Each structure stands twice: as structure tokens, then as C-alpha cells.
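Next come the chains, spelled out residue by residue.
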4 protein chains.
Amino acid sequence: MKIKSYERKAHYYETDQMGMIHHANYVHWLEEARIDYLEQVGMGYKSMEEAGVFSPVLSISCRYKHMVHFDDVIRVQMKLAEYNGIKYKISYRITDAASGQVRALAETEHCFLTREGKPMNLKKSHPAFDAVMESLLGVESGQDEAAAGTVGVR
Amino acid sequence: MKIKSYERKAHYYETDQMGMIHHANYVHWLEEARIDYLEQVGMGYKSMEEAGVFSPVLSISCRYKHMVHFDDVIRVQMKLAEYNGIKYKISYRITDAASGQVRALAETEHCFLTREGKPMNLKKSHPAFDAVMESLLGVESGQDEAAAGTVGVR
Amino acid sequence: MKIKSYERKAHYYETDQMGMIHHANYVHWLEEARIDYLEQVGMGYKSMEEAGVFSPVLSISCRYKHMVHFDDVIRVQMKLAEYNGIKYKISYRITDAASGQVRALAETEHCFLTREGKPMNLKKSHPAFDAVMESLLGVESGQDEAAAGTVGVR
Amino acid sequence: MKIKSYERKAHYYETDQMGMIHHANYVHWLEEARIDYLEQVGMGYKSMEEAGVFSPVLSISCRYKHMVHFDDVIRVQMKLAEYNGIKYKISYRITDAASGQVRALAETEHCFLTREGKPMNLKKSHPAFDAVMESLLGVESGQDEAAAGTVGVR
């Protein structure tokens, strides 16, 4: 399964007076990349919520390696690192799309909840979604892009 | 009826690389001031929503007069300028709490919706809320504070 | 001169508990569209700042017509409505890219400042930028796209 | 040294369509608490920057325990967990001010940079700031408040 990495420009309103992107905005980027990834594998988060599956964040961690500036194109590659029907863990690599240099490494953990906020085992409640998640285990987005070395050109 | 103005510090994450508060954040301040004002008059927005009254923004306008910087204490005075049961208009004055100088002037318009998103006439549906709104017409928050000239001292 | 409209999905983190996009985020969209427009005409905002031209927002107004929801693709068309070297005014039309329906109409006013925060007349200080601005007067982005009626297909 | 915990209401614009505070906003709260803490110990972040000391975030981690809702008062207690002149680590405890229940546990790491972005050893460059940091090692804000059990009453 080939999944594209997520790319977009860093916005002006995401900068702070240190002249770089404020660290809190990276958390938004992780969510954007996550939702884009799910969309690509036919499991759009909107349709998940409509099907009664909510997936809140249990934890987040992010290590900032180098500053990102306004107008830089950031690229987020992500991998479903763990999944057992009840919880899952995603790891992220944020790079500068032009240079390929790492900007940040991150990880998020999630669970599944019903509309009423009750924990849910996707294996039992939504076997079709579960099958997709199982198939994604270990799959990293943007793999061929990196291999092809086309990152800096786009 | 005496209503206090709303004050808080401008946050670091609200700055941008021009070294001042990014203009989009003022929209947040208006909402904070509005909710604080409603709370003071016993019409907390949380309880309004629980009673099935939603009040979205129909329009917003803001004129930026002078920059606000990180750590500045901003003070928002507001006034219910118009109200007819169906819509209302609020005007705002954002000043620097230390100097009293105007930072921005703003206006928002709102209506009332049911939980299902249908327009609502507060006069008919919620007479108690309507009575509070009627009593607020023309009332500006922070009036005595200004009169007392204590603004710069706090 | 043909300038493309600006499009992107509404993010999950831009929603609020009313189940729609919070109104403050539209201010971000206007900025994104503005910067994308300037980029297209060879006047990238990053290079403008590097050339010592800063362009803060003097005023903003936005009229919300219909709700935008998570995952909707919004499309922003904009037009340089007024320009005289010292100030300029932009008008915006935010539509739903799929249906073409209007979501919001907005307007922003801007001036030019030096790095030190002094007002600047672009005609005198940066004739090349001024020439671009002059050529843009009245030009609306996304014109042909609309005429071609391809909006809903993309 | 007694340092007060940081408290404020969760804002409406911080909610998302799951009906709770979006997780990215907690990162803002940590910054607000951090700046408030530094202010209380006479080391306001604004004056630090004016003295040429910048302190970016190296890493952040946050474990979400229970949802926070609009209008809840959150309370952030923090502790300077590690400090060696070059880097420091802060741990945070976000609780519901009314009930005292834990909402999230977090940690951030920081370093010091010059205005030009060069790493800085505070012990050598700014002995006065260093002395304050040393004196704060292990000091948790809001200690007596908790001990007094007055949390729910305020």
C-alpha cells in the first residue's frame, strides 16, 4: 500500500516573535497528516465519526530538531507503529520538503470511543475499519517519494 | 447594572514574526470578553447552550489602531448596541490597560439558533433570557473603572 | 493576468463544539489566500519582508453566510479592490468548492511599513512592487475556474 | 519560595466538534503557566528576551487523562525538574480547579539561545538569572493551595 506524505507551507499566522513557527502548531500538522493518511486509505475521519467511531488523542510527544520558518514547505511522513483494536500509536517525521532535513520527530497515541464516550474495540465493533488498520501496521507514508529523491524538486 | 471590563495578558503564542500580536487573535479576545460579560449578568454561555440556545456570529469587524505586544494587558469594554429578540449587535473597545490607549475597535453581530440550527426569537422561546438582554441594551462594561481613572494603576 | 483561487480543507482543529468551523479561523484563511495570491504574482510575502516591506492589517470585516464543516473544501477568491501606494483594500469571497455556495464575504485593509514600523509609500520606495500592485487592481482570482464551472469537479 | 499555580477558564474557541477542548490547546496552557511562573519569580520572559535570552522548546510531551470542557477552570501546577545552565526540564500537572481531578500530565524541555540563535550557558552569560533558576530547582507551584484543600472553593 502506497501512501503519500503530507505537505504544506508554514503559515504566517503560525510564526511567533522569535521569527519561527511556534511549537504548538506542530500539533496541528500532526493532525492534518493523520487525517490525510486516513483519507488516503479510505477511512476518512469524517466518515469514521459518522459511523460512530471517535478517536481522541491519549498522548502526544514531539522533539523539535530545527526551526521551521514562514513559507517553508514542511513534509510529514507517518507510520502506524502499534495497533491492537483498542489503541494505536503513530510515529511522525517532519522534514523540510526542500532540503529533506529533519525538523521534528513526534508520536501520538489514540483510542476509540463511541459517540457516548465509551471505549470501543474496533475488532469487534467495526471489523472493516479494523481490517484497514491491520493492513496499515508498519506502513510509512511517503516511502517511495524519499527513495526517488524527488523531495527537493517538487 | 455594573459590569466589569475583561482583562488579560497577551500571550507569547499570540505573537507573530512582526513582533506583535497577530490580528486574528483579537477575534478570540472579543469572544472571551463576550462570554465573561454574559457570565457576569447571570447568562453564562454554557448554561445558555444547555438550555438549547446557541448564538453564532453573523458578522465581525475590527479596526486595528495600534499594535499590541506580548505581555501587554489588554482590556476589552463592550456594549450591547442593538437587540430585538432575533439578532443583536455588540461594540467593543480594546485598550491597553496600563496606558488606557485604544488598540482596536470592533463590532460583532449574532443571532439565536436552536440545537437543530433553526432561527429562534428569544422573546418567545426564552423570556427570562430576553429580559436580561433587554436590560443590557446600551450598557457598557467597565464604565466606572474608566471614570475612576484607575486604569493605568492596576 | 490569471490568478488561481485558494483552496484547502477545513481542519478538525478548526471546529468548535457547535460542530462547525469556529469563526475566528476564517481570518486565517484570508491570510493564506492573500499570501498565495501575492506568491502567484511574483510578490511573495517572504521576499517582501526581506526587502523591508511589512504589510500589517488595518481592518478586517467578515460576514458569515453559511456554516463550514470539518473536511469541507473551502475556496477563497479575492480581488485587489483599492490601492494607492500607501494603503490597499482586498475583498474576498469564500465558497464551498464542491457546491459553489457562498460561505462568507470579507474585506481587509492594509498599509505598508518599514522594518522600523514607519509608514511607507510603495510608489516611492519600491516602484517594482508598486507596478505589480497597480497591475492587479480589480483582478479577481479564480475567474476562469468559475466561468468553466469546474468547481464542483475538482 | 511560594509560587502560585496558574488558573484560567477553557475558552469556547478552544473546543472542537467532539465537544471538548482540542488537545493542541494544552500546549498553549503550558506556555501560559510557564510564563506566569517566571513572572512570579522576577524573571519575566519579556525582560529575559530584552536581556538577550531566548528560550525555545526542545521537546514536549503530554498525556491526556480526562477531557476538559468549555468553561471549566483548569489549574496548572509546574515544577522545575532539571536545570544545568544549558537546558532545563519542567513537569506540569493540569487539574480541574473545581474538583482537583487530574486532566493531563506534561513535560517540556528548553535551552537558552542568544538573539542570534546561538546556544548559551546561563551560568556564564547571565549569573543573576542562573541564580534564580538554581533556587527554583524542584520547587512546585501551587503547593500550599493544594495542601490547604481550598482548590474547589475558589
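Once a new chain begins, its residue numbering starts again from 1 and follows that chain's sequence as written. All chains are assigned letters beginning with A, and all ligands numbers beginning with 1, in the order in which they are written. Totals for whole chains, interfaces and linings use all residues, but because this is a predicted model, local features are given only for residues with pLDDT of at least 70 and pairs of side-chain atoms are given and counted only at 80 or more. Hydrogens and waters are ignored; side-chain quantities use all the structure's heavy atoms.

Things to note about the pattern of salt bridges
Residues and elements named next belong to chain B.
Stage number 1. Here, a salt bridge means any side-chain nitrogen of Lys or Arg that lies within 4 Å of a carboxyl oxygen of Asp or Glu. Taken as a whole and assessed by the stated rule, the structure comprises 41 salt bridges over all chains.
Stage number 2. With a closest N to O distance of 2.8 Å, Arg-8 and Glu-32 form a salt bridge. Of this pair, Arg-8 sits in strand 1 (residues 6-9) while Glu-32 sits in helix 1 (residues 25-40), and the two are 24 residues apart along the sequence. Neither Arg-8 nor Glu-32 differs from the other in exposure class; each is buried. Labels follow the DSSP assignment, with helices taken as runs of H or I lasting at least four residues and strands as runs of E lasting at least two, numbered in each case from the N terminus. Exposed residues in this analysis have more than 50% of their type's maximum accessible area, buried residues have under 20%, and partly exposed residues fall in between, with area computed by a 1.4 Å probe over protein chains only.

Let's talk about the interface of chain C and chain D
Stage number 1. Between two residues, a contact is recorded if the distance between any of their heavy atoms is within 4.5 Å. Across the boundary between the two partners, chain C contributes nine residues, which contact nine residues of chain D.
Stage number 2. Here chain C and chain D share an interface that buries about 870 Å² over both sides, 56% of which is from carbon and sulfur atoms.
Stage number 3. By definition, the buried area sums, over both parts, the 1.4 Å-probe accessible area that each loses when the two are put together. Looking only at chain C, the three residues that lose the most surface to chain D are Tyr12(C), Gln17(C) and His22(C), adding up to 59% of its buried area.
Stage number 4. Counting the contacts that link chain C with chain D gives zero salt bridges.
Stage number 5. For this analysis, a polar contact is any N or O atom pair within 3.5 Å, provided that within protein one partner can donate a hydrogen and the other can accept it, and provided that sequence-adjacent residues contribute only side-chain to side-chain pairs. Our enumeration of links across chain C and chain D arrives at four residue pairs in polar contact (both at pLDDT 80 or more).
Stage number 6. Under the scheme applied here, ten amino acids are nonpolar (Ala, Val, Leu, Ile, Met, Phe, Trp, Tyr, Cys and Pro), four are charged (Asp, Glu, Lys and Arg), and all others, including Gly, are polar. Partitioning the side of chain C that touches chain D into residue classes produces four nonpolar, four polar and one charged.

Regarding the environment of Phe54(D)
Stage number 1. Assignment of secondary structure puts Phe54(D) in the loop between helix 2 (45-50) and strand 2 (57-64).
Stage number 2. When the C-alpha atoms of Phe54(D) and Trp29(D) are compared, they prove to be 19 Å apart, with 25 residues separating the residues in sequence.
Stage number 3. Those residues in contact with Phe54(D), other than ones at most four positions away along the chain, are Met18(A), Tyr45(D), Glu49(D), Cys111(D), Phe112(D), Leu113(D), Thr114(D) and Arg115(D).

A closer look at the relation of the copies chain C and chain D
Stage number 1. Superposition of the copies used a least-squares fit over C-alpha atoms from residues whose pLDDT is at least 70 in both. Overlaying chain C with chain D gives an RMSD of 0.0 Å, the required rotation being 180° about an axis along which the chain moves by 0.0 Å. When the rotation and shift are considered jointly, the pair of chain copies conforms to a two-fold rotation axis.
Stage number 2. A high fraction, 100%, of the interface residues of chain C reappear at the interface in chain D, so the copies pair face to face through one surface.

Quick look at the relation of the copies chain D and chain A
Stage number 1. Its rotation angle being 180°, the transformation that places chain D on chain A also includes 0.0 Å of axial translation and leaves an RMSD of 0.0 Å.
Stage number 2. Of the interface residues in chain D, 100% have counterparts in chain A that sit at the interface too, so the contact is made through matching surfaces.

A word on the pairing of strand 4 (residues 87-96) of chain D
Residues and elements named next belong to chain D.
Stage number 1. Of all the 10 residues making up strand 4, seven are buried; the element is thus mostly covered by neighbouring parts of the structure.
Stage number 2. Here nine bridges tie strand 3 (residues 73-83) to strand 4, and the two strands are oriented antiparallel to one another. By the bridge assignment, Met-78 is partnered in strand 4 with Tyr-92.
Stage number 3. In this description, strands pair whenever DSSP reports at least two bridges between them. Connecting the antiparallel pair strand 3 and strand 4 is a turn made up of three residues, with Gly-85 showing a positive phi of about 95°.
Stage number 4. When strand 4 meets strand 5 (residues 102-111), the two strands line up antiparallel, connected through nine bridges. Looking at strand 5, one finds that Thr-95 is bridged to Val-102.
Stage number 5. The loop that links strand 4 with its antiparallel partner strand 5 comprises five residues; one of these, Gly-100, has a positive phi angle of about 80°.

Considerations on the side chain of His23(B)
Stage number 1. In this fold, His23(B) is placed in the loop between strand 1 and helix 1.
Stage number 2. On the basis of relative accessible area, His23(B) is assigned to the buried category, the value being 9%.
Stage number 3. With near-sequence residues (within four places) excluded, His23(B) lies in contact with Tyr64(B), Val27(C), Glu31(C), Arg34(C), Val57(C) and Ile60(C).

A closer look at the sheet that holds strand 4 (residues 87-96) of chain A
Stage number 1. Overall, antiparallel pairing links the 10 strands, which are arranged 1(A)-3(A)-4(A)-5(A)-2(A)-2(D)-5(D)-4(D)-3(D)-1(D) in an open sheet. Strands at the two margins of the open sheet, each flanked by one partner only, are strand 1 (6-9) of chain A together with strand 1 (6-9) of chain D. Direction aside, the axes of adjacent strands within the sheet are offset by 20° on average.
Stage number 2. To define axes, lines are fitted to C-alpha atoms, for helices over the stretch in contact only, and angles between the resulting N-to-C directions are given on a 0 to 180 degree scale. Across the face of the sheet, helix 1 (residues 25-40) of chain D comes into contact with strand 1, strand 2, strand 3, strand 4 and strand 5 of chain D while running at roughly 65° to strand 3 of chain D.

Some thoughts on the packing of aromatic side chains
Stage number 1. Stacked, tilted and edge-to-face pairs are distinguished by plane angle, under 30 degrees for stacked and over 60 for edge-to-face with tilted covering the rest, among Phe, Tyr and Trp rings (Trp via its six-membered ring) whose centres lie within 6.5 Å. By the definition in use, this model includes 28 aromatic pairs over all chains.
Stage number 2. Residues Tyr12(D) and Phe70(D) carry aromatic rings whose centres are separated by 5.1 Å and whose planes lie at 80° to one another, so their mutual orientation is edge-to-face. Here Tyr12(D), found in the loop between strand 1 and helix 1, pairs with Phe70(D), found in the loop between strand 2 and strand 3; they are 58 residues apart in sequence, far enough to count as distant. Both residues of the pair, Tyr12(D) and Phe70(D), count as buried.
Stage number 3. Grouping aromatic residues by their ring pairs yields a cluster made of Tyr12(A), Phe70(A) and Tyr45(C).

A word on unusual backbone geometry
All names here are of chain C.
Stage number 1. In this structure, Asp-71 takes a positive phi of about 80° despite not being glycine.
Stage number 2. Relative to the elements of secondary structure, Asp-71 occurs in the loop between strand 2 (57-64) and strand 3 (73-83).
Stage number 3. For Asp-71, a relative accessible area of 17% corresponds to the buried category.

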